[in-house]
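Take a look at the letters that make up each chain.
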Amino acid sequence: MNIEELHNRVESGIASVKTIEDLKGFKLVLLGRKGLFAEYLDGLKSLNKEERKDFGREINSLKSETEGRLKGLEDHFAEEERKREQERSWIDITMPGKIPLTGRKHPITQTFDEIIRIFSSLGFSVAEGPEVETEHYNFEALNIPKDHPARDMQDTFYIEPGIVLRTHTSPMQIRVMESQLPPVRVIVPGAVYRCDHDVSHTPMFHQVEGLLVDKGVRFSDLKGILTVFIHEMFGPDTPVRFRPSYFPFTEPSAEIDIGCVICAGDGCRLCKETGWLEILGSGMVHPQVLRGVGYDPEEVSGFAFGMGVERIAMLRFGIDDIRQFYYHDTRFLSQF
Ligand code: DAH
């Protein structure tokens, strides 16, 4: 029995171990059930009692020494692997963090919210209605006769004969009055559609309609409520002007201007050198319209108004191209 040879094979084996895989393979060759040590221990059987004792002791001591060295190698490889893993997953906690992108309300929605907040505080409730509307509600019931220019195909999107995309929120005046008796005090936010597209027009835009009907409502009520609204919306020092105008569904009618937000009245490109900006259409509800919904114009009277939300948002935020609202460019939208 050549213990010397066993020794040498252990030494050269250990010297050739470079990886954890080498180690596993070598361990099997050495210490496995059919490994070298097993073979040597098996060989003891053929020796006499005395030799068996001596060789047995030597083999076993070499075996436990070898096991210890292999365990040491195993620990070494495990430690190396742990270090590599640490390298891979290392984070520099002093680096600045990433700020997550947060969404925010679209400037049109913000403007809607503000308009609704102001009118709610004045006792108005909010109603919404259909964007696909009949010609009857969009025009006839509002005293807009068949030959009125607003009914020209150039302005109105027709779905089919008699059915249109509403060109304004005013048809909701009729729907609201048909569904309830006076007093009425309502605003109607919503999308409207017109066949028009340039720096100040988009084919879809938004309006807020307002309607107040009760006993004894006068033009001074219209002036008071809308002046309060404008001062809330644009600031208490904003100049307000009521200018005679014409709408088929109101009589008398007025357009409301505010002092130009850019030049403060001196005259500039935005206000076309007038010093004033139109922001609202309004008027006393036409008796014909009241009669049409079954109200008695001798008993009740009211005023109505309508405003373009994009226009108000443009003036509030200083935006000069209406199309910006609909490019969905977050660099633009995140400013508001
Ligand atoms: N509907 C009108 C438009 O789209 C705006 C308007 C004017 C609404 C006068 C009203 C009003 O309620 O009284 O241009």
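Calculation criteria
- Residues numbered from 1 in each chain as written.
- Predicted model: local features only at pLDDT ≥ 70, side-chain atom pairs only at ≥ 80, totals over all residues.
- Heavy atoms only, no water.
- Pairing = 2+ DSSP bridges.
- Helix = DSSP H or I, 4+ residues; strand = E, 2+ residues; numbered from the N terminus.
- Contact = heavy atoms within 4.5 Å.
- Axes fitted to C-alpha atoms, helices over the stretch in contact; angles between N-to-C directions.
- Buried < 20%, exposed > 50% of the residue type's maximum accessible area, 1.4 Å probe, protein only.
- Near = heavy atom within 4 Å.
- Polar contact = N/O pair within 3.5 Å; in protein donor to acceptor, adjacent residues only side chain to side chain.
- Areas by Shrake-Rupley, 256 points an atom, 1.4 Å probe, with all protein chains shown as cover.
- Nonpolar A, V, L, I, M, F, W, Y, C, P; charged D, E, K, R; others polar.

A.B. asks: How should I be thinking about the sheet that holds strand β10 (residues 301-308) in this particular structure?
C.D. replies: Across a sheet, strands are paired by hydrogen bonds formed along the backbone, either parallel or antiparallel in direction. Strand order in the open sheet formed by seven strands is β1-β5-β6-β10-β9-β8-β7, with mixed pairing between adjacent strands. What marks the edges here is a single partner per strand, and that holds for β1 (125-126) and β7 (240-247). Strand contacts of helix α8 (residues 219-234): β7, β8 (250-259), β9 (276-285) and β10, with the helix running at about 150 degrees to β9, the strand carrying the most contacts. The strands touched by helix α10 (residues 309-317) are β6 (204-214), β8, β9 and β10; relative to β10, the strand with the most contacts, the crossing angle is about 60 degrees.

A.B. asks: Quick question: what am I supposed to make of the environment of Thr111 here?
C.D. replies: The residue Thr111 is located in helix α5 (residues 107-121) in this model. The exposure class of Thr111 is buried, given its relative accessible area of 0%. With sequence-adjacent residues up to four places away left out, Thr111 is seen in contact with Met233, Val309, Ile312, Ala313, Arg316 and Phe317.

A.B. asks: Explain the site of the ligand here, please?
C.D. replies: Around the ligand lies a shell of 15 residues, among which His168, Ser170, Gln173, Arg194 and Glu209 are the nearest. One of the side-chain N or O atoms of Arg194 is found 2.8 Å from an oxygen atom in the ligand. At 3.1 Å, a backbone N or O of Ala304 approaches an oxygen atom of the ligand. Relative to its unbound accessible area of 350 Å², the ligand is 89% covered by the protein chains. Among the elements of the structure, β6, β9 and β10 are those that each provide at least two residues to the shell around the ligand. Looking at the shell around the ligand residue by residue, the class counts come to four nonpolar, nine polar and two charged.

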